[in-house]
Structure formats: C-alpha cells, structure tokens
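Notes for the structure review
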Amino acid sequence: MTTPALDPQDAHLATIRESAKAVEERFGKIPDTLVVAGSGLGAFAERMTKTTAASYDDLKNFPQSTVVGHAGKLIVGEAGGRRIVLMSGRKHVYEGVDVRLTVLPLRALIAAGVKTVILSNAAGALNRTFQPGDLMLINDHINMQFRNPLMGPNLDELGPRFPDMCTPYNSELLELARDTARREGIRLHEGVYLALTGPTYETPAEVQMFRGIADAVGMSTVPENTAAVHAGARVLGISAITNSHVLKTGVVTTHEEVMDIGRHVSDEFCRLVEGIIARL
Ligand code: HPA
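These notes cover the structure that comes with them.

About the cut-offs
Residues numbered from 1 in each chain as written. Predicted model: local features only at pLDDT ≥ 70, side-chain atom pairs only at ≥ 80, totals over all residues. Heavy atoms only, no water. Near = heavy atom within 4 Å. Polar contact = N/O pair within 3.5 Å; in protein donor to acceptor, adjacent residues only side chain to side chain. Areas by Shrake-Rupley, 256 points an atom, 1.4 Å probe, with all protein chains shown as cover. Helix = DSSP H or I, 4+ residues; strand = E, 2+ residues; numbered from the N terminus. Nonpolar A, V, L, I, M, F, W, Y, C, P; charged D, E, K, R; others polar. Buried < 20%, exposed > 50% of the residue type's maximum accessible area, 1.4 Å probe, protein only. Contact = heavy atoms within 4.5 Å. Pairing = 2+ DSSP bridges. Salt bridge = Lys/Arg side-chain N within 4 Å of Asp/Glu carboxyl O.

1. Quick word on the site of the ligand
For the ligand, the set of nearby residues contains twelve residues, the closest of which are Ala122, Gly124, Glu202, Asn243 and His245. At a separation of 3.3 Å, a nitrogen atom of the ligand approaches a polar backbone atom of Ala122. A distance of 3.3 Å separates a nitrogen atom of the ligand from a polar atom in the backbone of Gly124. With the chains in place, 96% of the 260 Å² that the ligand exposes on its own is no longer accessible. Sorting the residues of the shell around the ligand by element identifies strand S5 (116–125), strand S8 (216–218) and strand S9 (234–244) as the ones contributing at least two each. For the shell around the ligand, the element with the most residues is S5, which contributes three residues. The residue makeup of the shell around the ligand, split by class, is six nonpolar, five polar and one charged.

Written out as structure tokens, the structure is:
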C-alpha cells in the first residue's frame, strides 16, 4: 500500500476533481450527507443497509489510513432511513502527510455533491465532569495543530481566501442534535474541542494548561471542519470521550483503551447520528 504524494498546489484542484470523478464512477450519484467515523466508531458501518463499499486504496488519490481502528473504506448506503456516504477511517497529520492530503477525500466528496458533514472522533476529556463513554457535541474548536488545510494559494473555485469562522459548527444542526439526544434519552455534553497533532497523548502540565481553554482534546476533525466550512458545507461534530486526564504522572493512556471505550460508546453514537440523519 502506498500513500499518494500530494500534487503540487497548482494541480490540487485537478486532484480533487479527479477524485470526485472517481467516486462518482464507482458509486453513481453521491448522497448529500457525509459521516466521517473516527477511532472505534466504525461500527456505524455495520448498521448501514443497502451498502456499496470501496477501499480507499481503490479510489483515486484517497490516502489510506495507517491507524488501527480505521477501516479505510468509503461506503454508500442507508442510515436513519436515508442514503448517506460514510468515510470509515481518515488520515491524520501525525501520519506524516501534508494537512491538505488529509482533507482531500472530504473535498472530493463535497465536489461530488455532499452538503452536510457529520464529523466524529475519539477524544480525551479535559472537562472534569466528562466520563469515558460520554458523548460531546462540539460547539467550537481551537486549532493547535498550527497547520491549516487552506494554506497555500486559495482554491477560489471552492471558497474564499479568508473564510469567516464565527459559526464553525452549524447552529441548526447543533439544535437538531440536542433535540435528538433529548428524544433518544442520550446524555450529550457540549463543549470546545482542542486539536493537537499527536501522536503523543498529553503530559500532565499540558492537561493543566489546556483545561483552561477546552473541554476535550483530540488529533483530528479541525482540518476537515475548516475545509468543509471553506467549501460552504454545513458541519456537525461529535466527540466520543474515550479517556479522562488526571493530573498525575504515571497514569497511562493507550490506543487500545481509546478503541475499547470507542466501541463501548458506539451504540449511543450510532443511535444519535441515525436519529439526526432521519430528521435532516
Ligand atoms: N488526547 C488526544 N487525542 C485523543 C485522546 C487524548 O487523550 N483520546 C483520544 N484521542
């Protein structure tokens, strides 16, 4: 398996369009709703019906994820009674690629007709009231990856040079998610997601500092949100809280633990997202 190199920036729009054409050739008309399933949340795919799937390896320019727990498949099928497209797995900047490559599949899917994007991730709790196994609606974010997928020449055909980010997560979708959680009896926190590059988890001193600025911390989602907002799509973000941070040296966080709790919370996550999709 080889990861495709990012084309020179002046060819990037062509690369996105080439990928959009490839997904349309493979799946036909692309549904207007995209779900991106993060670590341990791949079970969403198993509950979908009438599915067609393709490995990222078989889709032009799609970078394959190298992370355990990310299937690396694009799936079109039904969830919540509607046709959607699911990215089961994503590429992260910590895998060592340009941030623009991490958002290429999402940009291609928006070029192919996606208008609503539901992003999900596994995240560590900074907020002391959050427990592993909880869900958090992302109502804002902080980008401490210090990379932005919009750096470089602006792709004017997709969106403006200086996109406004005063509402990074769509207000109507946030309200719909809150209401769906209430109806389904799902406890749903709300808060600010802090994106770091990883792949290291946070030190106790970092946790102490980050507690002042955010509720949950992870290694994804913000680049995709940025590219989607730039391209005019509306975005919802949901974190599955997989671990909490205690300010004590020697308390270990592992990817296995993150995956395990991700699977645990996955039933509520699936019910919430299906409920939201049904009411879009
Ligand atoms: N930190 C960063 N990313 C994560 C964490 C965390 O504690 N848990 C799951 N993804």
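2. Focus: the environment of Leu176
As for its position among the elements, Leu176 is in helix H5 (residues 171–184). With relative accessibility at 14%, the residue Leu176 sits in the buried group. Setting aside residues up to four positions removed in sequence, Leu176 forms contacts with Ile276, Arg279 and Leu280.

3. Points about helix H4 (residues 104–111)
Most of H4 sits inside the fold, with seven of its eight residues counted as buried. Listing the buried residues of H4 in full gives Leu104, Pro105, Leu106, Arg107, Ala108, Leu109 and Ile110. Among the residues trailing H4, Gly113 stands out with phi positive, at a value near 125 degrees.

4. Observations concerning the pairing of strand S3 (residues 73–79)
Within S3, five of the seven residues are buried, which leaves the element mostly enclosed by the surrounding structure. As judged from the five bridges shared by strand S2 (residues 49–55) and S3, these two strands associate in the antiparallel manner. When the sheet's bridge partners are listed, Thr49 is paired in S3 with Glu78. Direction of pairing for S3 relative to strand S4 (residues 82–88): antiparallel, over a ladder of seven bridges. What sits directly across from Lys73, in S4, is Ser88. Where S3 folds back onto S4 in an antiparallel hairpin, the turn is made up of two residues, including Gly80, whose phi is positive at roughly 60 degrees.

5. Topic: the pattern of salt bridges
Any two side chains of opposite charge can pair if their charged atoms end up close together. Applying the stated rule across the entire model yields 19 salt bridges. The salt bridge partner of Lys21 is Glu25, with a shortest N-O separation of 3.6 Å. Of the two residues, Lys21 and Glu25 both sit in helix H1 (residues 12–27), four residues apart, roughly one turn of that helix. You can call Lys21 exposed: its relative accessible area is 53%. In this structure Glu25 comes out as exposed when scored by relative accessible area, which is 61%. The residue Asp179 makes a salt bridge to Arg183 at a minimum N-O spacing of 3.4 Å. On the criterion of helical spacing, the pair formed by Asp179 and Arg183 is a turn pair, its members being four residues apart in helix H5. What makes Asp179 partly exposed here is its relative accessible area of 23%.

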